[in-house]
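A closer look at the structure
Below, each chain spelled out in residue letters.
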Amino acid sequence: MLNYDIIVIGGGPAGLAAAIEAKKKGIKDILVIERDRELGGILQQCIHNGFGLHIFNEELTGPEYAERFIDELKNQGIEYMLDTMVLDITKDKKISAINTKEGIMNIQAKALILSMGCRERTRGAINIAGMRPAGVFSAGTAQRFINMEGYMVGKKIVILGSGDIGLIMARRMTLEGAKVEAVAELMPFSGGLKRNIVQCLYDYNIPLLLSHTIIEIKGKERVEGVVIAKVDKNKKPISKTERYIECDTLLLSVGLIPENELSIKAGIKIDPRTNGPIVNESMETTINGIFACGNVVHVHDLVDFVTKESKKAGKSASKYVLGNLIKKEEIIKTNADRGIGYIVPQRIRMSNVDKKLELFIRVKDVYKDAKLVIKADEKVIKELKRRHLAPGEMEIISLNASLLKGKKVSNISVSVKGS
Amino acid sequence: MYDVAIIGAGIIGSFISRELSKYDLKTVLIEKDNDVSNGTTKANSAIIHAGYDAFYKTNKGKFNALGNPMFDKVCKELDVAFKRIGSYVLAYSEKEIETLKRLLENGEKLGIPDIKIIDGDEIRKREPKLSDEIVAGLYAKTAGIVGPFELCIALCENAVENGTKLLLNYEVSNIEKNENRFIISSNEKSIEAKYVINCAGVYADKINNMVNKPKFKITPRRGEYYLLDKRTNGLVNSIIFNCPTKMGKGVLVTPTVHGNILIGPNSEDISSKEENKTTFSGLEFVKESASKSVKNIPFNEVITTFSGLRAEATGGDFIIEKSDTKGFINVAGIKSPGLSASPAIAKYIVKIIKDLNEGLKENKDFNPIRKKIVKFSELKDEEKKELIKKDKRYGRIICRCENITEGEIVDVINRLVGARTVDGVKRRARPGMGRCQGGFCSPRVVEILARELGKRVEDIVKSNKESYIITKETKGNIDYNK
């Protein structure tokens, strides 16, 4: 059996940053396993710019952002395998992987870092009625076809869902000569970043139809059109608002789901709110020595934050291997209170926190001029004013460790105050 | 000239062609689409009914009773998954218990083995997720599940291996009887055959009317289904029916041979023979009905929904008979339990053909065994290693949800009756059947199909001829290395 100190599953932005950081912290034997034909993950198909503003203070395209990490990985001499799929992991950190060169491999690691990313929700998951012709793509699949494989997937497009990939693809398809008829969004607000709504839709006069959904797909062999309708407060279609839009393609950008099939196999506990593993301050899952970072934990808006979070996971994994991670201590639980969708991490051991404790949160609804209230047990320890809060934009709360260290706190809650 | 032309490569036509390939006959199997198993066979409940349900005096009753016991052997020969997992028909009231008794009695008249009525508590002990409201159920041990399109494809493959000619993309536009032969045309092309067997599913009336007086009409009866993620495996371990009504056996909840949970169908008569769409109201009805029998079905685990059209003939029974035109045989209106009855129907048709052909000889070279399909994920580690050593393509996972390798995909493309489309690959090797529904693997499957078939990527279709996936290359053929 092969042995490594740390095995990183997934060579996208999360895995790359985690591996590099672990190496920098003194770990020698690291292996990154990537299932695709190249490192970089989904960044490689995100050829638009807007990546790196926080990490590099400049605007990069996805492949450029990935390249910086891939170059560093290679400079650091970190081992990686491409076109290799991990089939199984165990709680004892044994993995089984497969590729064409080595066949089936069984590898033992001292620590694992899970960075498998996420996948797109499908038509089936949201139950769109109608025929099942060709021409219905998830936005990411279309993006791969166009940007990596070099093939266009349609001429007249309707997009359901205004998540970031949907918005980016509206612009991309337009630039490739397609006509994007509309972007329909079930919610009364977009789940995408504001800058993407402006730069990808408004700049190209593509209508964003809020509180709309697709109630039927038409076409026997290829999509011929879709019927859209307005929805009421309960997201039910309102009769007589139906409208037919002729198109040959329907793109779906209706949400992302962290890919945790392997995590579940190992027995890692999943938070139903994030669909990712429950993690602690060190990005360690509910199994000691198995860490997770990036979109496999919770879906991020910006890759820069993935990088930040993954560095933390890499650093923690190195500490674990070197025996420096403090394991035994009272655990503080985080609690997503009123208006909050989720908080990562879910568990905190203050001894492993240096100066700042960072909480990643997502609100459930859109708020204006509201406050984020952070309580330690019942006591308010911080309030943050926000002019605008939206589910599409992750918030980071940074708390001074001194607020919590040495104090007997069992629960940190975050809630939204305001309307 | 052919001896026999079978029109329609669904489960019935395929079973008949395989049975006929056991004899010294020149047989052609004709299909309008670009793949076999493309109609009702691809979208149904995938159940082999025990056979107590249909009235004992009907064709449905007789052929189901005869068909059910035949599945073990044929599925073994053809390497198709088939499991006898048993079924329950549930009763929620005294009145419904009366229905169960009627079914039991009917079953006994048909000689269905191992059927009995058991009480609600016993049922819940065996199937803990079932409703507390259930007072009794009819248990049938011999009911089973099968992959209908896998079976249909396997039958065709075996038939072709044994000499049957398969004609795809041959939509019959006209049939003429000329003395002792039929001329079967598709646009400009035509073939000739001594006998015609009409297995055209929802189009069986149209085909019949090309030769005979319109004697029956086929009404497409649409049924819609949910398919749940494999994570829900174990929700139920047998086939769960509600009490039957006039419109059919009602909504069922069942495991599939692949470990998913299948829920459906509703039942709606429609006019179009092509409109196999799902509807919001239809699926809501399925959800409600299924929730009556099984508690807390995790509908958030739905990975896809689909619908199929059953061929409901005038009179409601199967039409399996020689028509007024000599040599033209109708096998029409084969709705549920058509799949369960299919092997028995095929045997019966063989008998008819034998009667018409005195002294018909057997095909001495008939090989009942189909070359095994490699299911990589089901192999032991050692077997996997050996296989990858022999063929590296088994070391590359293409579909990460179902763990399907490139080797398996290439195999189903290159077999007899090989896959030519993305859906064809999906039905044979299962990439795209999982929870991401082909999101990740479909570009790779398209690429492999193009490579193996020597086609352009733009020419690979999802299913039928016009179901193109790619419209054009983004930037044309620029060679950036020059």
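Residues numbered from 1 in each chain as written. Chains lettered and ligands numbered in written order. Predicted model: local features only at pLDDT ≥ 70, side-chain atom pairs only at ≥ 80, totals over all residues. Heavy atoms only, no water.

**Some details on the overall build of chain A**
- A tally of regular secondary structure across chain A gives eight helices and 30 strands.
- Residue pairs at least 24 apart in sequence account for 63% of intrachain contacts in chain A once pairs closer than 6 positions are excluded. (Helix = DSSP H or I, 4+ residues; strand = E, 2+ residues; numbered from the N terminus. Contact = heavy atoms within 4.5 Å.)

**Notes on the packing of aromatic side chains**
- Evaluated as defined, the whole model comprises 13 aromatic pairs over all chains.
- Taken together, a centroid distance of 6.1 Å and an interplanar angle of 80° make the contact between A:Phe137 and A:Phe145 edge-to-face.
- Its relative accessible area of 7% is what places A:Phe137 among the buried residues.
- For A:Phe145, a relative accessible area of 2% corresponds to the buried category.
- Directly above the aromatic system of B:Tyr203 lies the positively charged group of B:Lys273, at a separation of 5.8 Å from the ring centroid. (Phe/Tyr/Trp six-rings, centres within 6.5 Å; stacked < 30°, edge-to-face > 60°. Buried < 20%, exposed > 50% of the residue type's maximum accessible area, 1.4 Å probe, protein only. Lys NZ or Arg CZ within 6 Å of the ring centre and 35° of its normal.)

**Some thoughts on the interface of chain A and chain B**
- Each partner contributes to the interface: chain A provides 48 residues, whereas chain B provides 52 residues.
- Both sides together, the interface formed by chain A and chain B hides about 4400 Å², and carbon and sulfur atoms give 54% of it.
- Viewed at the interface, chain B and chain A are joined by seven salt bridges.
- A:Glu259 is paired through a salt bridge with B:Arg400; the nearest N and O atoms lie 3.5 Å apart.
- Our count for the contact surface shared by chain A and chain B stands at 19 residue pairs in polar contact (both at pLDDT 80 or more). (Buried area = accessible area lost by both parts, 1.4 Å probe. Salt bridge = Lys/Arg side-chain N within 4 Å of Asp/Glu carboxyl O. Polar contact = N/O pair within 3.5 Å; in protein donor to acceptor, adjacent residues only side chain to side chain.)

**Comments concerning helix α4 (residues 139-149) of chain A**
All names here are of chain A.
- For α4, a buried count of nine out of 11 residues is recorded, marking the element as mostly surrounded by other parts of the structure.
- Every buried residue belonging to α4 is among Ala139, Gly140, Thr141, Ala142, Gln143, Arg144, Phe145, Ile146 and Asn147, and all of these are buried.
- Note on α4: the residue one or two positions beyond its end, Gly150, has a positive phi of about 85°.

**With respect to the domain arrangement of chain A**
Residues and elements named next belong to chain A.
- Considered domain by domain, chain A is made up of domain 1 (1-119 + 256-325), domain 2 (122-254) and domain 3 (330-419).
- Its C-alpha centre places domain 2 at a distance of 35 Å from the equivalent point of domain 3.
- Counting residues at the interface gives five residues for domain 2 and six residues for domain 3.
- For the pair domain 2 and domain 3, the summed buried surface comes to about 370 Å²; carbon and sulfur atoms form 64% of the total.
- When the buried area of domain 2 at its contact with domain 3 is split by residue, Phe189, Gly191 and Leu193 rank highest and sum to 78% of it.
- Our count for the contact surface shared by domain 2 and domain 3 stands at one residue pair in polar contact (both at pLDDT 80 or more).
- Residues of the side of domain 2 that touches domain 3, tallied by class, amount to two nonpolar, two polar and one charged. (Domains from an automatic or database assignment. Nonpolar A, V, L, I, M, F, W, Y, C, P; charged D, E, K, R; others polar.)

**Let's talk about helix α10 (residues 381-390) of chain B**
- When α10(B) is considered as a whole, its buried residues turn out to be B:Lys384, B:Leu387 and B:Ile388. In an axial view of α10(B), the angular spread of the buried residues amounts to 100°, which keeps them on one side of the axis. In α10(B), those exposed residues whose orientation departs by more than 90 degrees from the buried face are B:Glu382, B:Lys389 and B:Lys390.
- Each element contacted by the buried residues of α10(B) is listed here: β6 (85-89), β7 (94-99) and β8 (103-114) of chain A. (Arc of directions from axis to C-beta.)

**Digging into the sheet that holds strand β12 (residues 156-160) of chain A**
Residue and element names in this part refer to chain A.
- The strand order β10-β18-β12-β13-β14 describes an open sheet built from five strands, whose pairing is parallel. Whereas interior strands pair on both sides, the edge strands pair on one side only; in this sheet they are β10 (136-138) and β14 (208-210). Strand-to-strand, the axes of this sheet are offset by a mean angle of 20°, without reference to chain direction.
- Examined bridge by bridge, strand β13 (residues 179-185) and β14 share three bridges and lie parallel to one another. By the bridge assignment for β14, Glu185 is matched with Leu210.
- The strands touched by α4 within the sheet are β10 and β18 (249-252), with β10 carrying the most contacts at an inclination of about 90°. (Pairing = 2+ DSSP bridges. Axes fitted to C-alpha atoms, helices over the stretch in contact; angles between N-to-C directions.)

**Some points on the side chain of B:Thr27**
Residues and elements named next belong to chain B.
- Relative to the assigned elements, Thr27 resides in strand β2 (residues 27-30).
- Here Thr27 falls in the buried class, since its relative accessible area comes to 3%.
- Non-local contacts of Thr27, meaning those with residues more than four positions away in its chain, are made with Tyr2, Val4, Ile6, Leu20, Gly163, Thr164 and Lys165.

**Concerning the sheet that holds strand β30 (residues 411-417) of chain A**
All names here are of chain A.
- The strand order across the open sheet built from five strands is β25-β23-β30-β27-β28, with neighbouring strands paired in mixed fashion. Looking at which strands have only one partner, the edges of the open sheet turn out to be β25 (347-348) and β28 (379-389).
- Both strand β23 (residues 332-336) and β30 contribute to a ladder of four bridges, which runs parallel. Bridge pairing in β30 places Ala336 opposite Val414.

**Considering the state of the cysteines**
- The full count for this structure, using the stated rule, is zero disulfides over all chains.
- Free of any disulfide, B:Cys436 has its nearest cysteine sulfur in B:Cys401, 3.8 Å distant. (Disulfide = S-S within 2.5 Å.)

**Observations regarding the domain arrangement of chain B**
Residue and element names in this part refer to chain B.
- Split into domains, chain B comes out as domain 1 (84-143 + 219-310) and domain 2 (376-459).
- For domain 1 versus domain 2, the distance between C-alpha centres works out to 32 Å.
- Of the residues lining the interface, seven residues belong to domain 1; the matching set on domain 2 comes to six residues.
- Looking at the side of domain 1 facing domain 2, the largest losses of area belong to Lys230, His258 and Ile303, adding up to 61% of the total buried there.
- The tally of links between domain 1 and domain 2 comes to two salt bridges.
- We note a salt bridge from Glu402 to Lys230, for which the minimum N-O separation is 2.7 Å.
- Counting across the domain 1 and domain 2 interface gives three residue pairs in polar contact (both at pLDDT 80 or more).
- By residue class, the composition of the side of domain 1 that touches domain 2 is one nonpolar, three polar and three charged.

**Some remarks on the pattern of salt bridges**
Residues and elements named next belong to chain B.
- Tallied over the entire structure, the rule returns 71 salt bridges over all chains.
- Between Lys22 and Glu19 there is a salt bridge, and its shortest N-O distance comes to 3.0 Å.
- Owing to a relative accessible area of 6%, Glu19 belongs among the buried residues under this scheme.
- Of the charged contacts in the structure, one is a salt bridge between Asp72 and Arg84, with a shortest N-O distance of 2.4 Å. You can see Asp72 sitting in helix α3 (residues 71-78) and its partner Arg84 sitting in strand β4 (residues 82-84), a full 12 residues away along the chain.

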